[in-house]
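As a plain string of letters, each chain reads:
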Amino acid sequence: MFLRSFFLYLLVATSLILAGCEDPDADSVSQGTLGSCPGATVGEMAEKFMSSPTWESLTADDGKKYVNLSGGISFHDKPVNAKIQFKLNENDTFEFNAFEVNGVPQITLIANALLAKMCEATKN
């Protein structure tokens, strides 16, 4: 009985790994587009511009949902870890919320420049 339970557990765990443990909130941002870059999904922008992009969704203490996109970028000619946060709206849309470089918040002007560069990367 133990052996059968173990193999069943192993099968379920392997299936989840192969399926990628889909995250519907992260998928909605990854597969969505920004008004400033309608020709590419945010996921395509991340894949073309960032090294090892990862997606994570979360619900804040106030009940609002967010999706974080993290990955490596070059910032002032140095490799850094970037995090772009999107806020999910109740009408199934999302919007940019915040941008950090190595954990340090950046102003919206810098974030807009980054998103423009990421969009540009999809055209090459």
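Structural notes, computed from the coordinates. Note that the coordinates shown come from a computational prediction; the quantities given were computed from them, not determined experimentally. (Residues numbered from 1 in each chain as written. Predicted model: local features only at pLDDT ≥ 70, side-chain atom pairs only at ≥ 80, totals over all residues. Heavy atoms only, no water.)

**Let's talk about the nonpolar core**
- Membership of the largest hydrophobic core comes to 27 residues, with the highest contact counts inside it found for Met45, Leu69, Ile73, Ile84, Phe86, Phe99 and Met118.
- Those elements that place two or more of their residues in this core are helix 2 (24–30), strand 2 (37–41), helix 3 (42–49), strand 4 (65–75), strand 5 (78–88), strand 6 (94–101) and helix 4 (108–121).
- Setting aside its immediate chain neighbours within four residues, Ile73 contacts Phe49, Met50, Lys78, Pro79, Val80, Ala82, Phe99 and Leu114. (Core = buried A, V, L, I, M, F, W, Y, C linked by side-chain atoms within 4.5 Å. Buried < 20%, exposed > 50% of the residue type's maximum accessible area, 1.4 Å probe, protein only. Helix = DSSP H or I, 4+ residues; strand = E, 2+ residues; numbered from the N terminus. Contact = heavy atoms within 4.5 Å.)

**A word on the sheet that holds strand 3 (residues 51–59)**
- Spatially, 3-4-5-6-7 is the arrangement adopted by the five strands of the open sheet, whose pairing is antiparallel. Lying at the two open borders of the sheet, with one neighbouring strand each, are strand 3 and strand 7 (104–105).
- Against the sheet, helix 4 engages strand 4, strand 5 and strand 6, with an angle of about 105 degrees to strand 6. (Pairing = 2+ DSSP bridges. Axes fitted to C-alpha atoms, helices over the stretch in contact; angles between N-to-C directions.)

**Examining the side chain of Gln85**
- Structurally, Gln85 is set in strand 5.
- Excluding anything up to four places from it in sequence, Gln85 contacts Tyr66, Val67, Asn68, Glu95, Phe96, Asn97 and Ala98.

**Notes on the state of the cysteines**
- Enumeration over the complete set of coordinates arrives at one disulfide.
- Shown here is the disulfide that connects Cys37 with Cys119, its sulfur atoms set 2.1 Å apart. Because the sign of the S-S torsion sets the handedness, a value of about 85 degrees for the bond joining Cys37 and Cys119 places this disulfide among the right-handed ones. Placement of the pair is Cys37 in strand 2 and Cys119 in helix 4, with a sequence separation of 82 residues. Like Cys119, Cys37 is buried. (Disulfide = S-S within 2.5 Å.)

**Description of the packing of helix 3 against helix 4**
- Remark: helix 3 packs on helix 4, axes separated minimally by 8 Å, with the N-to-C direction vectors making an angle of 85 degrees. Classified by the angle between their axes, helix 3 and helix 4 sit roughly perpendicular to one another. In contact with Met45, Ala46, Lys48 and Phe49 of helix 3, helix 4 contributes Leu114, Leu115, Lys117, Met118, Cys119 and Ala121.
- Taken together, the residues of the contact of helix 3 with helix 4 break down into eight nonpolar, no polar and two charged. (Parallel < 35°, antiparallel > 145°, perpendicular 65-115°, else oblique. Nonpolar A, V, L, I, M, F, W, Y, C, P; charged D, E, K, R; others polar.)

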